[in-house]
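A look at the structure
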Amino acid sequence: MQNKPVTPAIQKAHAAHLGALPLDDTRDFEDADRGFLAALAPGVVHAADGRTVWDNDSYAFLEGEAPETVHPSLWRQSQLVARQGLYEVVAGIYQVRGLDLSNITFVEGDTGLIVIDPLISTETAAAALTLYREHRGERDVVAVIYSHSHIDHFGGVFGVTSVEDVEAGKVQVIAPEGFVEHAVAENVYAGPAMGRRAGYMYGAVLARGPQGQVGAGLGQTTSSGEVGMIVPTLEVTTTGETHTVDGVEIEFQMAPGTEAPSEMHFYFPKYRALCMAENATHTLHNLLTLRGALVRDPHVWSTYLTEAIDTFGDRSDVAFASHHWPTWTSDRVVEYLSTQRDLYAYLHDQTLRLLNQGYQGAEIAELIELPPALENAWSTHGYYGSVSHNVKAIYQRYMGWFDGNPTRLWPHPPAEQATRYVDALGGIDRVVELAQAAFDSGDFRWAATLLDHAIFTDESHRPARELLADTLEQLGYGAENGTWRNFFLSGATELREGNFGTPTATSAPAIVAQLTPEQLFDAIAISVNGPKAWDLDISINLVLTDLDAAYRLTLRNGVLIHRKAEADPNAAATITTTKPRLLGVMAGDTSSPGLDITGDAGALTALLGMLDQGDPNFDIVTP
Ligand SMILES: [Zn+2]
């Protein structure tokens, strides 16, 4: 890597931040260390084949004062997040933190162990359970609770239990209503695009260090082991619902449509402990994650936080979540949850107020300032979400991509616009000159805009490429947000070294296997190449014997439609098979047994021939 040193403009900005940050408030360090029992040594987790799936020791450089190439606030957050080990939350509840992007929590029951949120990978979850048992003794896992439908909260479930034990009734799996549907949908429909962008967001290919990846704000990064899923045996549907698991009473609060579409908070009266899932963490969270997602609803989010405060606040000696460190004593729990609530409510309400005065997202993002009391709380800082991109997301949620100005209704797409800008400015060399002047004056945002036009006109122009890489790097050095830093530095890396593709794939076979037939048909429909298929008119009956269900699939006008219905006698073919075998067909296996076709076998071949795969290497920072 040709890393460049920090420029005076970023040095100056960091110095100004240092003057404004609430550095006297060091309670987070006490809370992050409280209850420490033991660390995993070394802090590295391997897969069965020896591959490293987690290496927390690579963050050992996060010591002392912030280097000039890292925002001092992000440096502090990374120091907190990179702490690793087994911690006592209260006697009877333990967390392993720093062994994945998320935390795993162990609640001791009368005889066994309730596991909350088993991380992303089988290997990291198993390592965490072993660490727990070394210090707390052998206890069988009797239940797993998924707090919500994101993969860092269920993917490692095979590390703590097995399908056999769940099917034998030895282990209960508890999740909020709609869990499977949302867990699957998020990882499959837009999976390839989100996966490619997640590589930018978490900085998976970046070298770790003061000039590279220092963390992701929410956790240090994502693990890269085996991902699985076990379908819940109990879905929680109603706020106020209580269940007693292994002698431990649990009181549930539904919080759908918040940080995840399917999410819940829950309270343990015996331990006076409240689990806030991922709705109250020590960061401003994402209303729109930069890898791409549907925009979340900050209004509903804040409403559920108020309900949690009113329902559990004065009964809670501790609140913990599946990221970051807990908060102790009822007073501080209420204050912390209230601050988080105010943060999301403020961004929502003020964005609406300003958009109703005619401002658009990019303008509101610059206008909005947090109230001083919120600015002075560390937990409101944008290490994962940011005020800037969250405000634009709120605008998007209510108003969409169009800001209402007709001159912006039909602009040229980026490459077409770029050549015209570059021409108007006097050619690409002149654009680079102007960008250099902007760079030298510290206006990296304008330099990036100019150079974006240059690269989208001629991506092989070396001076433009090098200066854009240097520009994105300075923006990375200046970012308080961990994912912004990763995005900027990933862009710089691709400009210098070429496309790094998708470093970690998300759609694991165990998750794809949980698709309902309808979701599977939707996934197939999404991959139909429209123009290639628009002259075809194919009708196929599909009988899934394992589910005792019959469907009609029709491809017409480039659209694949499915309906649950008995066989159409006029269909070209009838396929009788099982869902697992159908998944095999989608993966390209049409010859193994278990696939019975009557009628025209060519109909299936024709349909399969129309399907496009996503491109894991699509370009982002170049045209
Ligand atoms: Zn999470």
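In this text the structure is predicted, and so the values were computed from the model without any measurement.

On to the overall build of the protein chain, then. Assigned secondary structure in the protein chain consists of 22 helices and 21 strands. With respect to the three principal axes, the spread of C-alpha positions in the protein chain is 75 × 65 × 55 Å. Considering only contacts in the protein chain between residues 6 or more positions apart, those separated by 24 or more positions represent 71%. About 25600 Å² of surface is accessible on the protein chain, with carbon and sulfur atoms providing 52% of the total. Of note, the protein chain has its 40 positive side-chain charges centred 2 Å away from the centre of its 80 negative side-chain charges.

Interhelical geometry of helix α16 (residues 462-478) versus helix α17 (residues 482-497) gives an angle of 160° and a closest axis separation of 8 Å. Considering their axes alone, α16 and α17 lie roughly antiparallel with respect to each other. Once α16 is placed against α17, the crossing between them reads as left-handed. Where α16 abuts α17, its residues R465, L468, A469, D470, L472, E473, L475, G476 and Y477 lie against R485, F488, L489, G491, A492, E494, L495 and R496.

All right, on to unusual backbone geometry then. Omega for the bond connecting A41 with P42 falls within 30 degrees of zero, at -10°, which places this linkage in the cis form. Tracing the chain through its elements places P42 in the loop between β1 (36-38) and β2 (44-46). If you check the backbone angles, L119 has positive phi at about 55° while not being a glycine. Among the structural elements, L119 can be located in the loop between β7 (113-116) and α4 (122-136). The backbone of R272 sits at a positive phi, close to 45°, despite the residue not being glycine.

Turning next to the coordination of the zinc ion. Within the protein, D152 (OD), H153 (NE2), E278 (OE) and H323 (NE2) serve as the donor atoms for the zinc ion, at 2.0 to 2.1 Å. Coordination of the zinc ion draws on donor residues from a single chain, spaced D-H-x124-E-x44-H in sequence. Here the residue E278 occupies a position in the loop between β14 (273-275) and α8 (298-312), and H323 occupies one in the loop between β15 (318-320) and β16 (327-328), the gap between them amounting to 45 residues. Taken as a pair, E278 and H323 share a single burial class, namely buried.

Those residues of helix α19 (residues 517-526) that sit buried are P517, Q519, L520, F521, A523 and I524. Contact partners of the buried residues in α19: α6 (179-188), β17 (537-544), β18 (549-556), β19 (559-564) and α21 (579-586).

Here we take up the sheet that holds β17. Across the sheet, 5 strands lie side by side as β19-β18-β17-β20-β21; this open sheet has mixed pairing. Taken across any chain shown, the strands that pair with only one partner, and hence form the sheet edges, are β19 and β21 (596-599). Across the sheet, the mean angle separating the axes of adjacent strands is 20° when strand polarity is ignored. In the sheet, β17 pairs with strand β20 (residues 573-577) via 5 bridges, with the strands oriented parallel. Its bridge partner lying in β20, N541 is registered against T574. Along the sheet, α19 contacts β17, β18 and β19; its crossing angle with β19, the most-contacted strand, is approximately 170°.

Using the criterion set out here, one finds 23 salt bridges in the structure. Note that D297 is salt-bridged to R397, the shortest N-O span being 3.4 Å. One end of the pair, D297, is in the loop between β14 and α8; the other, R397, is in helix α12 (residues 387-399), and 100 residues separate them in sequence. We note a salt bridge from R445 to E366, for which the minimum N-O separation is 2.8 Å. Taken together, the positions of R445 in helix α15 (residues 444-457) and E366 in helix α10 (residues 361-367) put the pair 79 residues apart, joining distant regions of the chain. Of the two residues, R445 and E366, both sit in the exposed class. Bridged by salt links that share partners, the residues K4, D470, E473 and R496 form one connected network.

At a minimum axis separation of 10 Å, helix α9 (residues 330-355) and α12 run at an interaxial angle of 60°. With respect to α12, the element α9 is oriented oblique. At the point where α9 passes α12, the crossing takes the right-handed sense. Residues L347, H348, T351, L352 and L355 of α9 touch α12, and the partners they reach there are V387, N390, V391, I394, Y395, Y398 and M399. Tallied by class, residues from the contact of α9 with α12 come to 9 nonpolar, 3 polar and no charged.

For the rest of this paragraph, the subject is the environment of V107. Mapped onto the elements of the fold, V107 is located in strand β6 (residues 104-108). Judged by relative accessible area, V107 falls into the buried class, the value being 0%. Each C-alpha atom of the pair V107 and H562 lies 44 Å from the other, and the pair is 455 residues apart in sequence. Excluding residues that lie within four positions of it along the chain, V107 makes contacts with G92, I93, G112, L113, I114, I116, V248, F268 and Y271.

With 5 of 6 residues buried, strand β4 (residues 85-90) is to be regarded as a mostly interior element. Looking at chain direction, β1 and β4 are connected through 2 bridges and run antiparallel. Bridge assignment links A38 to a residue of β4, and that residue is L86.

Quick look at the sheet that holds strand β5 (residues 93-97) now. Read across the open sheet, the 8 strands follow the order β1-β4-β5-β6-β7-β8-β9-β10; overall the sheet is mixed. Across the chains shown, the open sheet's two edge strands, defined by having one partner strand only, are β1 and β10 (234-236). Across the sheet, the mean angle from the axis of one strand to that of its neighbour is 25°, orientation sign disregarded. The pairing of β6 with β7 spans 4 bridges and is antiparallel. Bridge pairing in β7 places T105 opposite I116. On the sheet, α4 packs against β1, β4, β5, β6, β7 and β8 (141-145) and is oriented at approximately 40° with respect to β6.

Analysis parameters
- Residues numbered from 1 in each chain as written.
- Predicted model: local features only at pLDDT ≥ 70, side-chain atom pairs only at ≥ 80, totals over all residues.
- Heavy atoms only, no water.
- Helix = DSSP H or I, 4+ residues; strand = E, 2+ residues; numbered from the N terminus.
- Contact = heavy atoms within 4.5 Å.
- Areas by Shrake-Rupley, 256 points an atom, 1.4 Å probe, with all protein chains shown as cover.
- Lys, Arg positive; Asp, Glu negative; His and termini not counted.
- Charge placed at Lys NZ, Arg CZ, Asp CG, Glu CD.
- Axes fitted to C-alpha atoms, helices over the stretch in contact; angles between N-to-C directions.
- Parallel < 35°, antiparallel > 145°, perpendicular 65-115°, else oblique.
- Left-handed = near helix turned anticlockwise from the far one by under 90°.
- Donors = N, O, S within 2.8 Å, 3.2 Å for Na, K, Ca; no water.
- Buried < 20%, exposed > 50% of the residue type's maximum accessible area, 1.4 Å probe, protein only.
- Pairing = 2+ DSSP bridges.
- Salt bridge = Lys/Arg side-chain N within 4 Å of Asp/Glu carboxyl O.
- Nonpolar A, V, L, I, M, F, W, Y, C, P; charged D, E, K, R; others polar.

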